[in-house]
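# A look at the structure
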Amino acid sequence: MLPAKNFTFHSPTKIIFGAKTIQELKNQINQKAKVLMIYGSGSIKKNGVYDQVKDSLRNHNVLEFSGITPNPRYETAIKAVEICKKENIDFLLAVGGGSVIDATKFISIASKYPGKDPWDIMPHKNNKSTNLFQPTEAIPIGTVLTIPATGSEMNAGYVITRESTKEKLTRIDQLVFPKFSILDPETSYSLPKRQTINGIVDSFVHVTEQYLTTFRNTKISDRFAEGVIDTLISEAPIVLKNPKDYSARANIMWASTMALNKLIACGIDNDGATHTIGREITAMNDSDHAKTLAAVIKGVFIYKKQQKMKKLVLMAERIYGKKEGTDEEKADFAISETIKFFNSIGMKTTLSSVGIKKENFQEILDRIETSIKIMGFGLGEHRDIYKDDVLKILELCDP
Ligand code: NZQ
Ligand code: ZN
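Because the structure is a prediction, the values reported are computed rather than measured. (Residues numbered from 1 in each chain as written. Chains lettered and ligands numbered in written order. Predicted model: local features only at pLDDT ≥ 70, side-chain atom pairs only at ≥ 80, totals over all residues. Heavy atoms only, no water.)

### Topic: the nonpolar core
Counting 42 residues, the largest nonpolar core has Val201, Met315 and Phe342 as its most contacted members. Counting residues per element, the ones that place at least two in this core are helix 6 (193–211), helix 7 (219–241), helix 8 (246–259), helix 10 (289–303), helix 11 (305–318) and helix 12 (327–344). Residues in contact with Met315, not counting those within four places in the same chain, are Phe204, Thr208, Tyr211, Leu212, Ile229, Tyr320, Ala334 and Thr338. With 35 residues, the next largest nonpolar core counts Ile38, Ile101, Tyr113 and Ile160 among its residues. (Core = buried A, V, L, I, M, F, W, Y, C linked by side-chain atoms within 4.5 Å. Buried < 20%, exposed > 50% of the residue type's maximum accessible area, 1.4 Å probe, protein only. Helix = DSSP H or I, 4+ residues; strand = E, 2+ residues; numbered from the N terminus. Contact = heavy atoms within 4.5 Å.)

### Describing the coordination of the zinc ion (ligand 2)
Where a metal carries four tetrahedral donors, each ideal angle is 109.5 degrees; where it carries six octahedral donors, the ideal angles are 90 or 180 degrees. Those donors, Asp202 (OD), His206 (NE2), His275 (NE2) and His289 (NE2), are the protein atoms that reach the zinc ion (ligand 2), and they lie 2.0 to 2.2 Å from it. Binding-site remark: the zinc ion (ligand 2) is held by donors from one chain whose sequence spacing is D-x3-H-x68-H-x13-H. Note that His206 is positioned in helix 6 and His275 in helix 9 (residues 273–285), a separation of 69 residues in sequence. Assigned by exposure class, His206 and His275 land together as buried. (Donors = N, O, S within 2.8 Å, 3.2 Å for Na, K, Ca; no water.)

### So, the pairing of strand 5 (residues 91–96)
Regular strands show a simple pattern: their side chains alternate between the two faces of the sheet. The element strand 5 is extensively covered by neighbouring structure, given that six of its six residues are classed as buried. Burial along strand 5 is two-sided: Phe91, Leu93 and Val95 and Leu92, Ala94 and Gly96, pointing in opposite directions, are all buried. Two strands pair when backbone bridges link them, and strand 3 (residues 34–39) and strand 5 are joined in this way by five bridges, in the parallel orientation. By the bridge assignment for strand 5, Met37 is matched with Leu93. Sheet topology places strand 5 next to strand 6 (residues 141–145); five bridges connect them, and they run parallel. Of the residues in strand 6, the one forming a bridge with Leu92 is Ile141. On the question of chirality, the crossover connecting strand 5 to the parallel strand 6 by way of helix 5 (residues 98–110) is right-handed. (Pairing = 2+ DSSP bridges. Right-handed = clockwise from strand over helix to strand, strands pointing away.)

### A short note on the domain arrangement of the chain
By a widely used convention, the size of an interface equals the accessible area lost when the partners come together. Partitioning the chain into domains gives domain 1 (2–187) and domain 2 (191–396). Once you take the C-alpha centre of each, domain 1 and domain 2 turn out to be 25 Å apart. Taken residue by residue, the interface counts 40 residues in domain 1 and 39 residues in domain 2. For the domain 1 and domain 2 pair, buried surface summed over both sides reaches about 3,200 Å², with 62% attributable to carbon and sulfur atoms. For the interface between domain 1 and domain 2, the tally reads two salt bridges. Ionic pairing is found between Asp269 and Lys5, a salt bridge with its closest N-O pair at 3.4 Å. The interface formed by domain 1 and domain 2 includes 14 residue pairs in polar contact (both at pLDDT 80 or more). The set of elements that each furnish at least two residues to the side of domain 1 that touches domain 2 consists of strand 1 (2–3), strand 2 (14–17) and strand 8 (167–172). Here the side of domain 1 that touches domain 2 is built from residues that sort into 19 nonpolar, eleven polar and ten charged. (Domains from an automatic or database assignment. Buried area = accessible area lost by both parts, 1.4 Å probe. Salt bridge = Lys/Arg side-chain N within 4 Å of Asp/Glu carboxyl O. Polar contact = N/O pair within 3.5 Å; in protein donor to acceptor, adjacent residues only side chain to side chain. Nonpolar A, V, L, I, M, F, W, Y, C, P; charged D, E, K, R; others polar.)

### Digging into the site of ligand 1
Near ligand 1 you find 32 residues, and of these Gly98, Ser99, Asp102, Lys168 and Ser190 are the closest. Side-chain polar atom of Thr146 to a nitrogen atom of ligand 1: 2.8 Å apart, as the coordinates give it. In this structure, Lys168 approaches ligand 1 through a side-chain N or O atom, which is 2.5 Å from an oxygen atom. Burial of ligand 1 by the protein amounts to 89% of the accessible area it has alone, namely 960 Å². When contributions to the shell around ligand 1 are tallied by element, the ones reaching two or more residues are helix 5, strand 7 (157–162) and helix 6. Counted by class, the shell around ligand 1 contains nine nonpolar, 20 polar and three charged residues. Two domains each donate at least three residues to the shell around ligand 1, and these are domain 1 (2–187) and domain 2 (191–396). (Near = heavy atom within 4 Å. Areas by Shrake-Rupley, 256 points an atom, 1.4 Å probe, with all protein chains shown as cover.)

The following block contains the structure:
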């Protein structure tokens, strides 16, 4: 069996976890700092999170910037960059979900960007991944997470959409790791069902894109990954039935952070194909991130079944309890049980659920081609998925 790949694990974000921990904010941000609090479209005002933040920071100098939308827009973020420059902001506090946190990461880098056009921070069609601007300065960030989903609260990635060109792009910068993230599971009580489900599915796919890859002797990463998936499966029906079940909300929140803080990535290969295809669908029609993943994942699993076989077998045995049968039968079982789980919590797994019909395939393929040019390699853990493969994947998805 192959051993673990060499890896570097660096995780500088302090996690403050638990009920009523927002009051800790005042101790985490220097009182002399000029803070810009960044949030979305108002959910934090309805659920009391805004008041808790303001109360804790009552003796700090806090300015506000609101209106970050889901799939956060460059066009909005750039307005906050102007404020940061004009007001000499020296700390950014993101209060919200992945969209608010990702926008804040971009604002942090863009506010110190020495070039002319901050869009050039992102890898885009005239700006290849291999040739990217490497920042040396950024405004420090802290977060108060309100939706467990993306893992952005404990990683260095961010995804930004440019409305005018319908591009949705992603990059990683070590400088934007949050200094701290406050994870109070009670903040997620107010999530609409749709967002609770989105978060569970997004986290689940983050795990499978790491776990269901090359079969290596990576016992620690595998067992952590299985723990995260198992937790999502057992706690999902509980929070859907009782949104204020603290312990289930707490388990989901920590599972979701663990799904993409790179701990389960140690020593393993990284897939990412489902995310890359899903991201292009969102860029086309603004679908929810998690919904696109659920629509595409079955095609990726089936198309890559032979390469992923041994890990699918492990998943069938350890997660879904299937001990009997051939490897092929076990792999098929892991795939069908995963789809069944998504459907059981109310997540659709069809292309039509994210507005995609056969006539849209060509646009997806063109976009994937551009994305591969930007990255410089194919998709998937073997970097061997190209445009023609994506067509076959789309044809294997449920319409
Ligand atoms: O805008 P507000 O009013 O805050 O409402 C939000 C938004 O409408 C609402 N919401 C959040 N917390 C709530 C709440 N409503 C009630 N109660 C609460 N406690 O939920 C809606 C969705 O929020 P959003 O932040 O968009 O969700 P999510 O965390 O799923 O973020 C999705 C974005 O993150 C990117 C996605 O591509 C997408 O743009 N991702 C970021 C990653 C990363 N940085 O590592 C990785 C992911 O794979 C993903 O690509
Ligand atoms: Zn995701």
